[in-house]
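Next come the chains, spelled out residue by residue.
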Amino acid sequence: MMKGVVLLVCLLNTAGAVYYCDDADPCGLANSTEFFESYARFENCQHDAANRFCDRYIVPQWYRVNDAMLTQCPQLLSCGTIYPVWLNGTLPGSSDGIVDRKACKVGFESCCVRSYDVKIKHCGSFYAYCLAALDSCPERYCFGKNGACDVPTSAAPVTTTTKQTTPPLSTSCSEDPCIESNLHTLSDPGTRSMHCEYKQGDGHCDSSLTPGWYKADSPMLTQCPGLLSCGAIYPVWMNGTNPGQGDGVVTRQVCQRGFTGCCTTSYDIKVKNCGSYTAYCLRQLSTCPARYCFGNGRCDNNDKGKDSDKDDNKAHSHSTLEIILGVILAVLILILITLVYSCLKRFKKGHGKTGSVVNIQKSEADRETTMVNPMYRSEFDNPPPYSE
């Protein structure tokens, strides 16, 4: 019985193994397999939202990659994606055979917000990598530090753009912003704080913003934010100060935070202090997803934030489900083993006690047999009185 339980445990422990890596000749298989979207995987390759590269759709198997997997934590928005995945360990030597390693996803909080199991083998002139499909988009494995970031024309998405004519600020900002009827409503103001992290699926972008005066609950951010803040990949902040009430309408420069610095693109806007609020005359931004930042307080996602969280949870649902099922299975196995052990212990203990009872009964029976004299008669139980 116990052997069967042990065998069941062993089988369940191997059920989560990387089954698609079981191949007699990983070097031969990797050498004959074309790698999935091999371009623009270098650390120096900046994310381009138009490309939408993602390794969620990779076929899990052995691959040959001409460049070594990155073994140091890269920045967000590198390797041609938002969330790069790097090798948290060392590459094997030629005599090490197949080794198990962890690959880490770079996130907003740390260099390893999620890890994946990978296998690697040194094949002489190249490395073979057994790679899993990643959980969500946009995530991507990183290979190489510096290299070309060109994308083949056939791989780049074909998009049709319509040129928009943006009226000059002098026209858009001609009305008095201190009259509230002249103000536009800023979309999703609660997600524009510098503490609002960009999430996959967020469609926030100010490239189609209607030029004109806007009133915000919080003043525009006047310090350089990090990438992926203000609910966008490229946040836009004001490189200057908010005016006083007596300053009238002033011109200020706003900067778009980019991959290489705090002001990779700049725009002119107009600002006016109206006493109880500050009005901003905003123009359309030239790239997506770029967005104006307002405030540095707590992020208030409201219903859209909840929906984003749900979408993010759905993207990771299959991995979470696997973990939960694995934990439940482990608990059930533990309970099963405990019950079997307990039953065996009780059986042995009960068997010993039964033998003792039988022995006691037998001893009592023997004692009764010994005490009863077959020659003894009941009439002599009460002998007659003595007489002379």
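Above this text is the structure in question.
Remember, it's a predicted structure, so these values are computed and weren't measured experimentally. All chains use their own residue numbering, which begins from 1 and follows the written sequence. Totals for whole chains, interfaces and linings use all residues, but because this is a predicted model, local features are given only for residues with pLDDT of at least 70 and pairs of side-chain atoms are given and counted only at 80 or more. No hydrogens and no water enter the side-chain calculation; it runs on all heavy atoms of the structure.

### Comments concerning the overall build of the chain
Labels follow the DSSP assignment, with helices taken as runs of H or I lasting at least four residues and strands as runs of E lasting at least two, numbered in each case from the N terminus. Counting its secondary structure elements, the chain contains 5 helices and 13 strands. Relative accessible area decides the class of each residue, using a 1.4 Å probe on protein chains only: under 20% of the type maximum gives buried, over 50% gives exposed, and in between gives partly exposed. Looking at the chain as a whole, 36% of its 388 residues are labelled buried. Summarising the internal contacts of the chain: among those between residues at least 6 apart in sequence, 68% fall at separations of at least 24. Working definition of accessibility: Shrake-Rupley area with a 1.4 Å probe, residue cover restricted to the visible protein chains. Carbon and sulfur atoms provide 53% of the accessible area of the chain, an area that totals close to 22,600 Å². Throughout, a contact is declared for two residues whenever any of their heavy atoms are within 4.5 Å.

### Quick look at the side chain of D135
With respect to the helices and strands, the residue D135 is situated in the loop between β5 (127-131) and β6 (139-141). Residues adjacent in sequence count toward polar contacts only when both atoms are side-chain atoms; beyond that, a polar contact is any pair of N or O atoms within 3.5 Å, and within protein one must be able to donate a hydrogen and the other to accept it. One polar contact links D135 to R114, side chain to side chain, over a distance of 2.8 Å.

### Examining unusual backbone geometry
Omega for the bond connecting C137 with P138 falls within 30 degrees of zero, at 0 degrees, which places this linkage in the cis form. Within the element layout of this structure, P138 appears in the loop between β5 and β6. Following C288, the chain continues into P289 via a peptide bond in cis, with omega recorded as -5 degrees. You can see P289 is positioned in the loop between β12 (278-282) and β13 (290-292). For R52, which is not glycine, the phi torsion reads 60 degrees and is therefore positive. Here R52 shows up in the loop between α2 (26-31) and β1 (61-65).

### Points about the packing of aromatic side chains
Planes of paired rings set the category: under 30 degrees apart is stacked, over 60 is edge-to-face and the rest tilted, where pairs are Phe, Tyr or Trp rings (Trp by its six-membered ring) whose centres lie within 6.5 Å. Under the criterion given, the structure shown has 6 aromatic pairs. Taking 5.2 Å as the distance between ring centres and 65 degrees as the angle between the ring planes, the aromatic pair formed by F35 and Y63 counts as edge-to-face. Taken together, the residues F35 in the loop between α2 and β1 and Y63 in strand β1 connect sequence positions 28 residues apart. Ring plane angle 55 degrees and centroid distance 5.5 Å describe the contact between Y39 and F53, whose orientation is recorded as tilted. Linking Y39 in the loop between α2 and β1 with F53 in the loop between α2 and β1, this pair joins segments that are 14 residues apart in sequence. By way of ring pairs, the aromatic residues F35, Y63, Y127, Y129 and F143 are connected into one cluster. Note on geometry: a ring has a charge over it if NZ (lysine) or CZ (arginine) is within 6 Å of the ring centre and within 35 degrees of the ring normal. Above the face of the Y116 ring, R114 is positioned so that its terminal group lies 4.4 Å from the ring centre. Over the ring of Y277 we find K215, and its NZ or CZ is 4.8 Å from the ring centre.

### So, the pairing of strand β10 (residues 249-256)
Consecutive residues of a regular strand have side chains that alternate between opposite faces of the sheet. Sheet topology note: the strand β9 (residues 234-238)/β10 ladder contains 3 bridges and is antiparallel. Pairing of V236 across the sheet is with Q256, part of β10. We treat two strands as partners when DSSP finds at least two bridges between them. In this structure, β10 lies alongside strand β11 (residues 265-273), joined through 8 bridges in antiparallel fashion. Looking at the pairing, Q253 lines up with D268 of β11.

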